[in-house]
Amino acid sequence: MTARTHALVLMLALAVPARATAQIRASEIGSMSQIIDGTKLTMQYSRPRARGRDTLFGSKFVHWGDVWTPGANFATTLDFSKDVKLNGHPVAKGMYSVWMVPRKDSAWTLVLDPKVKRYHEEPPDSSAAQFRIAVHPEAVPFTEVLTWSVPAIRANGGTLAMQWERVRIPIDVEVQPSLVMTMSAADAAPYLGAYDYVEVDSTGKPGKRKVLTVTHEDGTLKGEWEPYDPYFKKFAMIRIAPDWFAPGVYDKNGQVYEVYRPEVTFEFSRAKERAVSLQMRDDEDNVYAKGTRKP
Amino acid sequence: MFDAHSRRQFLGAFAAVLAGMLLPRNRAWAVGRGLDSVGPHPVPRPGITGEKVLTKEQLESKPKLIALFDDVRAIPEVVDGIRCNCGCTNPPEYYSLLSCYEGKGMAMSCVICQGQGRLAVRLHKEGKSLDEIRAAVDAKFG
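Residues numbered from 1 in each chain as written. Chains lettered and ligands numbered in written order. Predicted model: local features only at pLDDT ≥ 70, side-chain atom pairs only at ≥ 80, totals over all residues.

### So, the overall build of chain B
Then comes step 1: What chain B contains, in helices and strands, is 5 helices and 0 strands.
Then comes step 2: Relative to its 142 residues, chain B shows a buried fraction of 37%.
Then comes step 3: In chain B, once contacts between residues fewer than 6 apart in sequence are set aside, the share between residues at least 24 apart is 57%. (Helix = DSSP H or I, 4+ residues; strand = E, 2+ residues; numbered from the N terminus. Buried ≥ 20, exposed ≤ 12 C-beta atoms within 10 Å, placed from the backbone. Contact = placed C-beta atoms within 7 Å.)

### Considerations on the confidence of the model for chain B
All names here are of chain B.
Then comes step 1: Of the residues in chain B, 72% have a pLDDT of 70 or more, and the chain-wide mean is 78.
Then comes step 2: Note that pLDDT drops below 50 for residues 1-37; the model gives that stretch 46 contacts with residues more than four away or on any other chain.
Then comes step 3: Among the prediction metrics, the complex's ipTM stands at 0.72, with pTM recorded as 0.77. (pLDDT = per-residue confidence, 0-100.)

### Looking at the packing of helix 4 (residues 111-125) of chain B against helix 5 (residues 130-141) of chain B
Residues and elements named next belong to chain B.
Then comes step 1: At a minimum axis separation of 10 Å, helix 4 and helix 5 run at an interaxial angle of 145 degrees. In this structure, helix 4 meets helix 5 at a crossing whose hand is right-handed. Counting all contacts with helix 4, which are made through Ile112, Gln116, Leu119, Ala120, Leu123 and His124, the residues of helix 5 involved are Glu132, Ile133, Ala136, Val137, Lys140 and Phe141.
Then comes step 2: Its residues assigned to classes, the contact of helix 4 with helix 5 comprises 8 nonpolar, 2 polar and 2 charged. (Axes fitted to C-alpha atoms, helices over the stretch in contact; angles between N-to-C directions. Left-handed = near helix turned anticlockwise from the far one by under 90°. Nonpolar A, V, L, I, M, F, W, Y, C, P; charged D, E, K, R; others polar.)

### Examining the pairing of strand 16 (residues 256-259) of chain A
All names here are of chain A.
Then comes step 1: For strand 15 (residues 244-250) and strand 16, the ladder comprises 3 bridges, and the chain directions are antiparallel. For Tyr250, the partnering residue across the bridge sits in strand 16 and is Val256.
Then comes step 2: Joining the antiparallel neighbours strand 15 and strand 16 is a turn of 5 residues, in which Gly254 adopts a positive phi near 80 degrees. (Pairing = 2+ DSSP bridges.)

### Let's talk about the nonpolar core
Then comes step 1: Met237, Ile238 and Ile240 of chain A together with Tyr101, Ala120 and Ala136 of chain B are the most contacted members of the largest nonpolar core, which has 53 residues in total.
Then comes step 2: For Met237 of chain A, the residues in contact, after removing those within four places along its chain, are Val214, Leu221, Lys222, Gly223, Phe245, Pro247 and Phe266 of chain A.
Then comes step 3: Of all hydrophobic cores here, the second largest spans 25 residues; its members include Leu78, Leu110, Leu146 and Trp164 of chain A. (Core = buried A, V, L, I, M, F, W, Y, C linked by C-beta atoms within 7 Å.)

### Some thoughts on helix 2 (residues 66-74) of chain B
Working note: α-helix, 3.6 residues per turn, so residues spaced by three or four point in the same direction.
Residue and element names in this part refer to chain B.
Then comes step 1: Three or more residues of helix 2 are buried, namely Leu68, Phe69, Asp71 and Val72. Along the long axis of helix 2, the arc covered by the buried residues comes to 160 degrees, so they all point the same way.
Then comes step 2: Of the surrounding elements, those touching the buried residues of helix 2 are helix 3 (76-79) and helix 4. (Arc of directions from axis to C-beta.)

### Some remarks on unusual backbone geometry
Residue and element names in this part refer to chain A.
Then comes step 1: Pro227 follows Glu226 through a cis peptide bond whose omega is 5 degrees.
Then comes step 2: Within the fold, Pro227 resides in the loop between strand 13 (220-226) and strand 14 (235-241).
Then comes step 3: In this model, Arg261 is joined to Pro262 through a cis peptide bond whose omega is 15 degrees.
Then comes step 4: Take Pro262: it is sitting in the loop between strand 16 and strand 17 (265-271).

### Side note on the sheet that holds strand 4 (residues 84-86) of chain A
Strands belonging to one sheet form pairs held by backbone hydrogen bonds; the direction of such a pair is parallel or antiparallel.
Residues and elements named next belong to chain A.
Then comes step 1: Overall, antiparallel pairing links the 4 strands, which are arranged 5-4-10-9 in an open sheet. The open sheet is flanked by strand 5 (89-91) and strand 9 (138-154), the only strands paired with a single partner. Adjacent strand axes in the sheet meet at a mean angle of 30 degrees, parallel and antiparallel pairs treated alike.
Then comes step 2: Where strand 4 meets strand 5, 3 bridges bridge the pair, whose relative direction is antiparallel. Within the sheet, the bridge partner assigned to Val84 lies in strand 5 and is Val91.

### Digging into the sheet that holds strand 2 (residues 39-48) of chain A
All names here are of chain A.
Then comes step 1: Spatial strand order, 1-2-3-6-7-8: 6 strands in an open sheet with antiparallel pairing. One side of each edge strand has no neighbouring strand; the edge strands of this open sheet are strand 1 (27-36) and strand 8 (131-135). Strand-to-strand, the axes of this sheet are offset by a mean angle of 25 degrees, without reference to chain direction.
Then comes step 2: The sheet contact formed by strand 3 (residues 77-80) and strand 6 (residues 94-101) spans 4 bridges and is antiparallel. Bridged to Leu78 within strand 6 is Tyr96.

### Here we look at the confidence of the model for chain A
Then comes step 1: Within chain A, residue pLDDT values average 92, and 93% of them lie at 70 or more.
Then comes step 2: Here residues 7-19 of chain A is a poorly scored stretch, pLDDT under 50, and it has 0 contacts once near neighbours within four places are set aside; other chains count.

### Here's the deal with the packing of helix 2 of chain B against helix 4 of chain B
Residue and element names in this part refer to chain B.
Then comes step 1: Where helix 2 contacts helix 4, the axes come no closer than 10 Å and their chain directions differ by 55 degrees. The angle between the axes of helix 2 and helix 4 places the two elements in the oblique class. The element helix 2 and its partner helix 4 pack so that their crossing is left-handed. Seen from helix 2, the contacting residues are Leu68, Asp71 and Val72; seen from helix 4, they are Gln114, Gly117, Arg118 and Val121.
Then comes step 2: Per-class residue counts for the contact of helix 2 with helix 4 are 3 nonpolar, 2 polar and 2 charged. (Parallel < 35°, antiparallel > 145°, perpendicular 65-115°, else oblique.)

### Some remarks on the environment of Trp164 of chain A
Residue and element names in this part refer to chain A.
Then comes step 1: Its place among the elements puts Trp164 in strand 10 (residues 157-175).
Then comes step 2: Under the C-beta neighbour-count criterion, Trp164 is labelled buried, with 24 such atoms within 10 Å.
Then comes step 3: Spatially, the C-alpha atoms of Trp164 and Ala189 are 53 Å apart, while their sequence positions differ by 25 residues.
Then comes step 4: Setting aside chain neighbours within four positions, we find Trp164 in contact with Leu56, Thr143, Leu146 and Thr147.

Below, the structure written as C-alpha coordinates:
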(Lines give C-alpha, C1' and ligand atoms only; values in the text may rest on other atoms or scores of the structure.)
Protein backbone atom coordinates (compact mmCIF):
# COMPACT_ATOMS: atom_id res chain seq x y z
CA MET A 1 0.00 0.00 0.00
CA THR A 2 1.42 3.34 -1.04
CA ALA A 3 1.71 6.37 1.19
CA ARG A 4 -1.05 7.92 -0.88
CA THR A 5 -3.36 4.94 -0.26
CA HIS A 6 -2.56 5.05 3.48
CA ALA A 7 -3.55 8.70 3.56
CA LEU A 8 -6.78 7.96 1.70
CA VAL A 9 -7.74 5.15 4.11
CA LEU A 10 -6.97 7.36 7.08
CA MET A 11 -9.12 10.15 5.65
CA LEU A 12 -11.99 7.73 5.05
CA ALA A 13 -11.67 6.34 8.56
CA LEU A 14 -11.87 9.80 10.03
CA ALA A 15 -14.81 10.71 7.82
CA VAL A 16 -16.98 7.70 8.72
CA PRO A 17 -18.73 8.06 12.10
CA ALA A 18 -17.70 5.39 14.58
CA ARG A 19 -20.41 2.97 15.70
CA ALA A 20 -18.84 2.03 19.00
CA THR A 21 -22.07 0.76 20.50
CA ALA A 22 -22.82 -1.71 17.73
CA GLN A 23 -21.41 -5.06 18.72
CA ILE A 24 -22.75 -8.57 18.42
CA ARG A 25 -22.30 -10.34 21.72
CA ALA A 26 -22.78 -13.94 22.77
CA SER A 27 -24.38 -12.54 25.90
CA GLU A 28 -26.26 -9.40 24.94
CA ILE A 29 -26.71 -6.80 27.62
CA GLY A 30 -30.17 -6.57 29.14
CA SER A 31 -31.94 -4.90 31.99
CA MET A 32 -35.10 -5.39 33.96
CA SER A 33 -36.81 -3.12 36.42
CA GLN A 34 -39.97 -3.23 38.42
CA ILE A 35 -41.64 -0.81 40.79
CA ILE A 36 -43.78 -2.25 43.57
CA ASP A 37 -45.52 0.23 45.89
CA GLY A 38 -42.81 2.80 45.27
CA THR A 39 -39.82 0.47 45.65
CA LYS A 40 -37.88 0.11 42.42
CA LEU A 41 -35.67 -2.87 41.79
CA THR A 42 -33.39 -2.86 38.77
CA MET A 43 -31.23 -5.61 37.32
CA GLN A 44 -28.49 -5.07 34.77
CA TYR A 45 -26.97 -8.18 33.28
CA SER A 46 -25.46 -9.82 30.28
CA ARG A 47 -27.73 -12.57 29.03
CA PRO A 48 -25.95 -15.78 28.04
CA ARG A 49 -27.64 -18.08 25.55
CA ALA A 50 -27.60 -21.86 25.69
CA ARG A 51 -26.56 -22.01 22.01
CA GLY A 52 -27.14 -25.74 21.66
CA ARG A 53 -25.72 -26.60 25.05
CA ASP A 54 -28.35 -28.85 26.59
CA THR A 55 -26.85 -29.03 30.05
CA LEU A 56 -25.37 -25.95 31.64
CA PHE A 57 -25.64 -26.45 35.39
CA GLY A 58 -23.29 -29.10 36.67
CA SER A 59 -21.27 -28.99 33.46
CA LYS A 60 -17.97 -27.37 32.50
CA PHE A 61 -19.91 -24.15 31.95
CA VAL A 62 -21.31 -23.80 35.48
CA HIS A 63 -19.75 -26.12 38.02
CA TRP A 64 -21.68 -27.30 41.04
CA GLY A 65 -20.38 -25.51 44.11
CA ASP A 66 -18.69 -22.65 42.28
CA VAL A 67 -19.59 -19.01 42.90
CA TRP A 68 -21.21 -17.96 39.64
CA THR A 69 -22.86 -14.75 38.49
CA PRO A 70 -26.29 -15.42 37.02
CA GLY A 71 -25.44 -13.56 33.86
CA ALA A 72 -22.17 -13.20 31.97
CA ASN A 73 -19.18 -10.93 31.52
CA PHE A 74 -19.38 -8.34 34.29
CA ALA A 75 -21.40 -9.54 37.25
CA THR A 76 -25.13 -9.08 37.24
CA THR A 77 -26.17 -6.14 39.41
CA LEU A 78 -29.30 -5.64 41.47
CA ASP A 79 -30.32 -2.25 42.79
CA PHE A 80 -33.04 -1.59 45.37
CA SER A 81 -34.32 1.97 45.82
CA LYS A 82 -35.49 1.16 49.35
CA ASP A 83 -34.86 -1.51 51.94
CA VAL A 84 -36.51 -4.82 51.07
CA LYS A 85 -36.71 -8.35 52.38
CA LEU A 86 -35.61 -11.28 50.26
CA ASN A 87 -37.13 -14.58 51.33
CA GLY A 88 -37.92 -12.80 54.60
CA HIS A 89 -34.39 -11.53 55.23
CA PRO A 90 -33.79 -7.76 55.32
CA VAL A 91 -31.57 -6.22 52.65
CA ALA A 92 -30.51 -2.58 52.78
CA LYS A 93 -31.26 -0.41 49.77
CA GLY A 94 -28.43 0.02 47.31
CA MET A 95 -26.70 -1.78 44.48
CA TYR A 96 -25.08 -5.19 44.73
CA SER A 97 -23.36 -7.63 42.44
CA VAL A 98 -25.32 -10.86 42.27
CA TRP A 99 -23.83 -14.30 42.64
CA MET A 100 -25.13 -17.80 43.17
CA VAL A 101 -23.65 -21.06 44.33
CA PRO A 102 -25.49 -23.80 42.41
CA ARG A 103 -25.65 -27.25 43.99
CA LYS A 104 -26.77 -30.52 42.53
CA ASP A 105 -29.12 -31.91 45.17
CA SER A 106 -29.64 -29.16 47.69
CA ALA A 107 -30.53 -25.50 48.06
CA TRP A 108 -28.45 -22.97 46.15
CA THR A 109 -27.01 -19.89 47.79
CA LEU A 110 -27.81 -16.38 46.65
CA VAL A 111 -25.01 -13.92 47.38
CA LEU A 112 -25.31 -10.16 47.11
CA ASP A 113 -21.93 -8.50 47.31
CA PRO A 114 -21.50 -4.77 47.95
CA LYS A 115 -18.68 -4.52 45.39
CA VAL A 116 -20.64 -3.96 42.22
CA LYS A 117 -18.08 -3.91 39.43
CA ARG A 118 -16.67 -7.41 39.24
CA TYR A 119 -15.84 -9.56 36.26
CA HIS A 120 -17.46 -12.96 36.28
CA GLU A 121 -14.10 -14.68 36.63
CA GLU A 122 -13.44 -12.75 39.86
CA PRO A 123 -16.15 -14.03 42.21
CA PRO A 124 -16.04 -12.53 45.68
CA ASP A 125 -14.79 -14.41 48.70
CA SER A 126 -17.26 -14.90 51.48
CA SER A 127 -17.45 -11.85 53.72
CA ALA A 128 -19.55 -10.40 56.50
CA ALA A 129 -20.58 -7.55 54.23
CA GLN A 130 -22.40 -9.93 51.93
CA PHE A 131 -26.04 -10.90 52.01
CA ARG A 132 -26.35 -14.68 51.71
CA ILE A 133 -29.50 -16.78 51.76
CA ALA A 134 -30.60 -20.19 50.61
CA VAL A 135 -32.70 -20.25 47.45
CA HIS A 136 -34.48 -23.22 46.05
CA PRO A 137 -34.29 -24.29 42.40
CA GLU A 138 -37.39 -25.43 40.58
CA ALA A 139 -37.59 -27.52 37.41
CA VAL A 140 -39.03 -25.70 34.42
CA PRO A 141 -39.11 -26.19 30.64
CA PHE A 142 -35.89 -25.35 28.82
CA THR A 143 -35.12 -21.62 28.67
CA GLU A 144 -32.65 -20.57 25.99
CA VAL A 145 -31.63 -17.13 27.25
CA LEU A 146 -30.86 -16.45 30.92
CA THR A 147 -33.75 -14.32 32.09
CA TRP A 148 -34.45 -12.31 35.20
CA SER A 149 -38.08 -11.34 35.65
CA VAL A 150 -40.78 -10.52 38.14
CA PRO A 151 -43.47 -13.03 37.23
CA ALA A 152 -45.67 -12.35 40.26
CA ILE A 153 -46.63 -9.09 41.94
CA ARG A 154 -48.77 -8.45 44.99
CA ALA A 155 -49.51 -5.31 46.99
CA ASN A 156 -46.48 -5.66 49.24
CA GLY A 157 -44.01 -7.50 47.07
CA GLY A 158 -43.55 -10.06 44.40
CA THR A 159 -41.37 -12.83 43.04
CA LEU A 160 -38.01 -12.10 41.47
CA ALA A 161 -36.92 -15.04 39.35
CA MET A 162 -33.86 -16.18 37.45
CA GLN A 163 -34.51 -18.75 34.77
CA TRP A 164 -32.09 -20.57 32.49
CA GLU A 165 -31.72 -24.04 31.05
CA ARG A 166 -34.23 -26.13 33.06
CA VAL A 167 -33.84 -24.23 36.33
CA ARG A 168 -35.84 -21.46 37.86
CA ILE A 169 -34.80 -19.72 41.08
CA PRO A 170 -37.70 -17.81 42.65
CA ILE A 171 -36.90 -15.21 45.30
CA ASP A 172 -39.63 -13.62 47.34
CA VAL A 173 -39.31 -9.83 47.54
CA GLU A 174 -41.15 -7.93 50.23
CA VAL A 175 -41.22 -4.15 49.98
CA GLN A 176 -41.87 -1.52 52.61
CA PRO A 177 -45.60 -0.82 52.61
CA SER A 178 -46.44 2.80 51.91
CA LEU A 179 -49.79 2.45 53.64
CA VAL A 180 -50.97 0.66 56.74
CA MET A 181 -54.06 -1.39 56.00
CA THR A 182 -54.96 -2.19 59.57
CA MET A 183 -56.46 -0.05 62.30
CA SER A 184 -57.18 -0.72 65.93
CA ALA A 185 -60.76 -1.18 67.08
CA ALA A 186 -60.46 1.96 69.20
CA ASP A 187 -59.24 4.04 66.26
CA ALA A 188 -61.94 2.59 64.02
CA ALA A 189 -64.83 3.12 66.44
CA PRO A 190 -65.58 6.80 65.61
CA TYR A 191 -66.23 5.95 61.96
CA LEU A 192 -68.40 2.84 62.33
CA GLY A 193 -71.97 3.05 61.17
CA ALA A 194 -74.05 3.86 58.11
CA TYR A 195 -74.01 7.09 56.15
CA ASP A 196 -76.66 8.40 53.77
CA TYR A 197 -74.64 9.26 50.76
CA VAL A 198 -75.47 11.28 47.68
CA GLU A 199 -73.41 11.94 44.60
CA VAL A 200 -73.15 15.56 43.50
CA ASP A 201 -72.14 17.09 40.19
CA SER A 202 -69.80 20.03 39.65
CA THR A 203 -72.57 22.47 40.54
CA GLY A 204 -73.44 20.64 43.74
CA LYS A 205 -76.66 19.26 42.28
CA PRO A 206 -77.55 15.94 43.96
CA GLY A 207 -77.58 12.71 41.95
CA LYS A 208 -77.65 9.03 42.94
CA ARG A 209 -78.33 8.20 46.56
CA LYS A 210 -76.61 5.33 48.33
CA VAL A 211 -75.80 4.14 51.81
CA LEU A 212 -72.18 3.67 52.84
CA THR A 213 -71.76 1.23 55.69
CA VAL A 214 -68.47 1.32 57.57
CA THR A 215 -67.40 -1.71 59.59
CA HIS A 216 -64.26 -2.96 61.31
CA GLU A 217 -63.36 -6.48 60.26
CA ASP A 218 -60.14 -8.46 60.63
CA GLY A 219 -58.40 -5.37 61.94
CA THR A 220 -59.27 -3.26 58.92
CA LEU A 221 -61.81 -0.49 58.45
CA LYS A 222 -64.07 -1.49 55.57
CA GLY A 223 -66.74 0.19 53.51
CA GLU A 224 -69.56 -1.18 51.43
CA TRP A 225 -72.18 0.60 49.37
CA GLU A 226 -75.82 -0.17 49.07
CA PRO A 227 -76.85 -0.70 46.32
CA TYR A 228 -73.95 -3.11 46.12
CA ASP A 229 -71.06 -2.00 43.93
CA PRO A 230 -69.77 -5.09 42.08
CA TYR A 231 -66.38 -3.51 41.43
CA PHE A 232 -65.55 -2.09 44.83
CA LYS A 233 -67.50 -4.82 46.66
CA LYS A 234 -66.53 -4.54 50.33
CA PHE A 235 -63.38 -2.44 50.23
CA ALA A 236 -60.65 -1.51 52.67
CA MET A 237 -60.71 2.04 53.96
CA ILE A 238 -57.04 2.86 54.39
CA ARG A 239 -56.16 5.81 56.55
CA ILE A 240 -53.85 8.23 54.75
CA ALA A 241 -54.22 11.15 57.18
CA PRO A 242 -56.32 11.91 60.23
CA ASP A 243 -59.96 11.36 59.15
CA TRP A 244 -58.88 10.84 55.53
CA PHE A 245 -59.14 7.42 53.88
CA ALA A 246 -58.42 5.90 50.47
CA PRO A 247 -60.27 2.83 49.22
CA GLY A 248 -58.38 -0.39 48.60
CA VAL A 249 -59.99 -3.00 46.38
CA TYR A 250 -59.64 -6.69 47.28
CA ASP A 251 -58.99 -9.53 44.88
CA LYS A 252 -60.73 -12.88 45.18
CA ASN A 253 -58.08 -14.02 47.64
CA GLY A 254 -58.83 -11.18 49.99
CA GLN A 255 -55.64 -9.27 49.17
CA VAL A 256 -55.73 -5.56 48.36
CA TYR A 257 -54.51 -5.23 44.81
CA GLU A 258 -55.17 -1.57 44.10
CA VAL A 259 -55.53 1.55 46.22
CA TYR A 260 -57.36 4.47 44.66
CA ARG A 261 -55.13 7.28 45.78
CA PRO A 262 -55.36 10.13 44.90
CA GLU A 263 -58.43 9.30 42.78
CA VAL A 264 -60.76 8.80 45.75
CA THR A 265 -60.47 10.31 49.20
CA PHE A 266 -63.02 9.92 51.96
CA GLU A 267 -62.81 12.92 54.28
CA PHE A 268 -64.76 12.55 57.51
CA SER A 269 -65.80 15.38 59.80
CA ARG A 270 -66.32 14.80 63.49
CA ALA A 271 -68.51 16.18 66.20
CA LYS A 272 -67.80 15.17 69.79
CA GLU A 273 -65.13 12.69 68.67
CA ARG A 274 -67.56 10.85 66.39
CA ALA A 275 -67.58 11.03 62.60
CA VAL A 276 -70.84 12.65 61.56
CA SER A 277 -70.39 13.35 57.89
CA LEU A 278 -68.06 12.71 55.01
CA GLN A 279 -67.11 14.01 51.62
CA MET A 280 -65.64 12.04 48.76
CA ARG A 281 -63.15 13.97 46.72
CA ASP A 282 -61.44 13.08 43.47
CA ASP A 283 -57.86 13.65 42.41
CA GLU A 284 -58.72 17.21 41.39
CA ASP A 285 -60.02 17.82 44.91
CA ASN A 286 -63.57 18.16 43.64
CA VAL A 287 -66.34 16.94 45.93
CA TYR A 288 -68.34 14.32 44.10
CA ALA A 289 -70.31 12.80 46.95
CA LYS A 290 -71.44 13.80 50.41
CA GLY A 291 -72.69 11.72 53.26
CA THR A 292 -74.20 12.20 56.71
CA ARG A 293 -74.43 9.64 59.46
CA LYS A 294 -77.76 7.85 59.55
CA PRO A 295 -79.65 8.38 62.78
CA MET B 1 -65.74 21.20 56.74
CA PHE B 2 -64.32 21.21 60.26
CA ASP B 3 -66.02 22.75 63.25
CA ALA B 4 -63.87 24.47 65.84
CA HIS B 5 -63.51 21.36 67.96
CA SER B 6 -62.69 18.92 65.21
CA ARG B 7 -60.45 21.49 63.57
CA ARG B 8 -58.18 21.51 66.62
CA GLN B 9 -58.09 17.73 66.50
CA PHE B 10 -57.33 17.81 62.81
CA LEU B 11 -54.50 20.28 63.20
CA GLY B 12 -53.05 18.41 66.14
CA ALA B 13 -53.25 15.10 64.37
CA PHE B 14 -51.70 16.52 61.21
CA ALA B 15 -48.84 17.87 63.28
CA ALA B 16 -48.39 14.37 64.72
CA VAL B 17 -48.36 12.88 61.23
CA LEU B 18 -45.78 15.45 60.14
CA ALA B 19 -43.64 14.74 63.17
CA GLY B 20 -43.86 11.05 62.37
CA MET B 21 -42.58 11.73 58.89
CA LEU B 22 -39.60 13.61 60.25
CA LEU B 23 -38.56 10.80 62.58
CA PRO B 24 -35.94 8.30 61.40
CA ARG B 25 -37.49 5.26 59.82
CA ASN B 26 -37.44 2.09 61.82
CA ARG B 27 -35.68 -0.85 60.26
CA ALA B 28 -38.81 -2.82 61.04
CA TRP B 29 -40.68 -0.53 58.64
CA ALA B 30 -42.31 2.38 60.28
CA VAL B 31 -45.94 3.25 59.89
CA GLY B 32 -46.63 6.06 57.46
CA ARG B 33 -45.32 7.20 54.14
CA GLY B 34 -41.71 7.59 53.14
CA LEU B 35 -40.73 10.66 51.20
CA ASP B 36 -37.39 9.44 49.97
CA SER B 37 -38.76 8.57 46.55
CA VAL B 38 -40.16 12.01 45.80
CA GLY B 39 -37.83 14.33 47.67
CA PRO B 40 -38.57 17.09 50.11
CA HIS B 41 -40.90 19.99 49.59
CA PRO B 42 -39.14 23.13 48.32
CA VAL B 43 -38.51 26.14 50.50
CA PRO B 44 -40.61 29.07 49.27
CA ARG B 45 -38.34 31.58 47.59
CA PRO B 46 -38.10 34.87 49.50
CA GLY B 47 -40.20 37.56 47.89
CA ILE B 48 -41.90 35.14 45.51
CA THR B 49 -44.93 36.57 43.76
CA GLY B 50 -47.68 35.18 41.60
CA GLU B 51 -47.05 37.60 38.76
CA LYS B 52 -45.94 34.83 36.39
CA VAL B 53 -49.03 32.69 37.01
CA LEU B 54 -51.02 32.44 33.80
CA THR B 55 -53.79 34.98 33.43
CA LYS B 56 -57.37 34.87 32.24
CA GLU B 57 -56.20 35.98 28.80
CA GLN B 58 -53.67 33.16 28.65
CA LEU B 59 -56.29 30.61 29.69
CA GLU B 60 -58.78 31.31 26.93
CA SER B 61 -58.83 27.67 25.94
CA LYS B 62 -59.36 26.53 29.55
CA PRO B 63 -61.96 28.88 31.01
CA LYS B 64 -62.89 26.45 33.79
CA LEU B 65 -59.38 26.75 35.18
CA ILE B 66 -59.27 30.53 35.44
CA ALA B 67 -60.55 30.55 39.02
CA LEU B 68 -57.98 27.97 40.11
CA PHE B 69 -55.10 29.89 38.54
CA ASP B 70 -56.41 33.08 40.17
CA ASP B 71 -56.52 31.33 43.55
CA VAL B 72 -52.97 30.02 43.11
CA ARG B 73 -51.76 33.46 42.07
CA ALA B 74 -53.05 34.82 45.37
CA ILE B 75 -50.94 32.50 47.56
CA PRO B 76 -47.53 32.13 45.86
CA GLU B 77 -45.75 31.89 49.22
CA VAL B 78 -47.73 28.70 49.90
CA VAL B 79 -47.77 27.04 46.49
CA ASP B 80 -44.04 27.74 46.05
CA GLY B 81 -43.42 25.60 49.13
CA ILE B 82 -45.10 22.52 47.72
CA ARG B 83 -43.51 19.83 45.62
CA CYS B 84 -45.22 18.87 42.36
CA ASN B 85 -46.08 15.16 42.53
CA CYS B 86 -47.45 14.71 39.02
CA GLY B 87 -44.53 12.61 37.83
CA CYS B 88 -44.37 14.50 34.54
CA THR B 89 -40.89 15.35 33.36
CA ASN B 90 -40.55 18.78 34.82
CA PRO B 91 -37.89 20.94 33.16
CA PRO B 92 -35.00 22.03 35.39
CA GLU B 93 -36.43 25.51 35.74
CA TYR B 94 -39.44 24.09 37.56
CA TYR B 95 -38.95 24.87 41.22
CA SER B 96 -42.26 24.03 42.84
CA LEU B 97 -45.95 23.48 42.22
CA LEU B 98 -46.13 27.20 41.49
CA SER B 99 -43.94 26.60 38.41
CA CYS B 100 -46.67 24.36 36.99
CA TYR B 101 -48.98 27.37 36.91
CA GLU B 102 -46.44 29.56 35.10
CA GLY B 103 -44.79 29.52 31.68
CA LYS B 104 -46.09 26.63 29.60
CA GLY B 105 -48.67 26.01 32.29
CA MET B 106 -48.44 22.30 32.93
CA ALA B 107 -51.38 22.70 35.30
CA MET B 108 -53.57 23.53 32.30
CA SER B 109 -53.58 19.87 31.33
CA CYS B 110 -52.35 17.90 34.35
CA VAL B 111 -55.08 16.86 36.81
CA ILE B 112 -52.54 16.14 39.54
CA CYS B 113 -51.15 19.68 39.36
CA GLN B 114 -54.72 20.93 39.43
CA GLY B 115 -55.68 18.68 42.33
CA GLN B 116 -52.64 19.70 44.38
CA GLY B 117 -53.37 23.34 43.66
CA ARG B 118 -57.03 23.04 44.64
CA LEU B 119 -56.13 21.17 47.82
CA ALA B 120 -53.56 23.82 48.76
CA VAL B 121 -56.02 26.63 48.10
CA ARG B 122 -58.81 24.92 50.06
CA LEU B 123 -56.69 24.13 53.09
CA HIS B 124 -55.15 27.61 53.05
CA LYS B 125 -58.65 29.08 53.13
CA GLU B 126 -59.39 26.79 56.07
CA GLY B 127 -56.47 28.32 57.90
CA LYS B 128 -53.95 25.51 57.60
CA SER B 129 -50.26 26.28 57.78
CA LEU B 130 -47.83 25.43 54.98
CA ASP B 131 -46.58 22.41 56.92
CA GLU B 132 -50.12 21.15 57.39
CA ILE B 133 -50.86 21.65 53.71
CA ARG B 134 -47.68 19.80 52.80
CA ALA B 135 -48.72 16.91 55.06
CA ALA B 136 -52.12 16.77 53.34
CA VAL B 137 -50.50 16.84 49.90
CA ASP B 138 -48.20 14.01 50.95
CA ALA B 139 -51.14 12.03 52.31
CA LYS B 140 -53.12 12.30 49.12
CA PHE B 141 -50.52 12.57 46.39
CA GLY B 142 -47.24 11.45 47.97
